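# Chains, contacts and geometry: an overview
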Amino acid sequence: MTYDWIIDVLFWIAAVFLVGVYVSWRATRLDRLHVRVETARAALDAALVRRAAVALELAASRLLDPATSLLLATAAHEARTADAESREFAESDLSRALRAVADQPEFAATVAARDDGKAVLDELASAAAKVVYARRFYNDAVSATRIARRKLLIRVLPLAGKAPLPDFFEIDDDPPRL
């Protein structure tokens, strides 16, 4: 009977330990989600830069008429040099410019018939598809992180630290029909 307080103390120590393990697990999960967002953002940035580079390559390839080349080069340059606030708009403009170029009558057939034309079209289609996938992956990571950050435990205890809440990246990324 004199040992009842030892059982109570052991019970509370075990309870505190289990709560600590759970809080630590949630904090680690949240950290992994933030790392996933950062990695996905880097992949998205790389895909966007690659698409702009391919668009510039197409514009400089002399496979297009001068007006179309100028339109495409301007949109690609704006996308590459845009600041964080206007990047989504600039990338959407590049998507629309690529579709406008690709929607010209006989565009794909004319470009493919020229030297290196088929390779440029394949690279453009690949770069545009990678942007779609990279943006979707990034937005999925942002969504999972935002859901985790809404949990009561995360809000009550400052488990997110000073990490900013990630934002979605919304652009018009419909690829051109080549």
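Residues numbered from 1 in each chain as written. Predicted model: local features only at pLDDT ≥ 70, side-chain atom pairs only at ≥ 80, totals over all residues. Heavy atoms only, no water.

### A short note on the environment of T110
Inspection of the secondary structure puts T110 in helix α4 (residues 107–113). Measuring from C-alpha to C-alpha, the distance between T110 and A134 comes to 30 Å, with 24 residues separating the pair along the chain. Here E106 takes part through its backbone oxygen, which lies 2.6 Å from a polar atom of the side chain of T110. (Helix = DSSP H or I, 4+ residues; strand = E, 2+ residues; numbered from the N terminus. Polar contact = N/O pair within 3.5 Å; in protein donor to acceptor, adjacent residues only side chain to side chain.)

### A few points about the nonpolar core
The biggest cluster of nonpolar side chains holds 23 residues, and the ones touching the most others in it are L58, L64, L72, L94 and F107. Examining the composition of this core, we find that six residues originate from one element, helix α3 (residues 87–102), more than from any other. Leaving out residues up to four positions away in the same chain, L72 has contacts with A55, L58, A59, L64, L94, A97, L98 and V101. Counting residues in each nonpolar core, the second largest holds twelve residues, with V37, L48, A141 and V142 among its members. (Core = buried A, V, L, I, M, F, W, Y, C linked by side-chain atoms within 4.5 Å. Buried < 20%, exposed > 50% of the residue type's maximum accessible area, 1.4 Å probe, protein only. Contact = heavy atoms within 4.5 Å.)

### Let's talk about helix α2 (residues 66–81)
Structurally, the α-helix is built with 3.6 residues per turn, so residues lying three or four positions apart point the same way. For α2, built from 16 residues, the straight-helix expectation of 22 Å at 1.5 Å per residue is met to within 8% by its first-to-last C-alpha distance of 22 Å. Inspection of α2 places T68, S69, L72, A75, A76 and A79 among the buried residues, and these make up the whole buried set. Looking down the long axis of α2, one finds its buried residues gathered within 140° of arc, a one-sided arrangement. α2 presents P66, A67 and L70 as exposed residues on the side facing more than 90 degrees away from its buried surface. (Expected span 1.5 Å × (residues − 1). Arc of directions from axis to C-beta.)

### Re the pattern of salt bridges
According to the stated counting rule, one finds eleven salt bridges in the structure shown. With a closest N to O distance of 2.6 Å, D93 and R96 form a salt bridge. With a gap of three residues between them, D93 and R96 both fall in helix α3, about one helical turn apart. Here K118 ties to D122 by a salt bridge, and the two come within 3.3 Å at their closest N and O atoms. Residue K118 and its partner D122 are located together in helix α5 (residues 117–149), separated by four residues, close to a single helical turn. Assessed through its relative accessible area of 41%, D122 is described here as partly exposed. One salt-bridge network, held together by shared partners, links R41, D45, R51, R87 and E91. (Salt bridge = Lys/Arg side-chain N within 4 Å of Asp/Glu carboxyl O.)

### Focus: the packing of helix α1 (residues 4–60) against α3
Packing of α1 against α3 brings their axes to within 11 Å, and their N-to-C directions diverge by 40°. Our classification of the angle between α1 and α3 gives oblique. For the crossing formed where α1 meets α3, the hand is left-handed. For the pair formed by α1 and α3, the contact residues are D45, L48, V49, R51, A52 and A55 on the first element and R87, E91, L94, S95 and L98 on the second. Looking at the contact of α1 with α3 residue by residue, the class counts come to six nonpolar, one polar and four charged. (Axes fitted to C-alpha atoms, helices over the stretch in contact; angles between N-to-C directions. Parallel < 35°, antiparallel > 145°, perpendicular 65-115°, else oblique. Left-handed = near helix turned anticlockwise from the far one by under 90°. Nonpolar A, V, L, I, M, F, W, Y, C, P; charged D, E, K, R; others polar.)

### What about unusual backbone geometry?
Phi is positive for R62, close to 65°, though the residue is something other than glycine. Of note, the phi angle at E106 is positive, near 60°, even though the residue is not glycine. Within the element layout of this structure, E106 appears in the loop between α3 and α4. With a relative accessible area of 58%, E106 lands in the exposed category.

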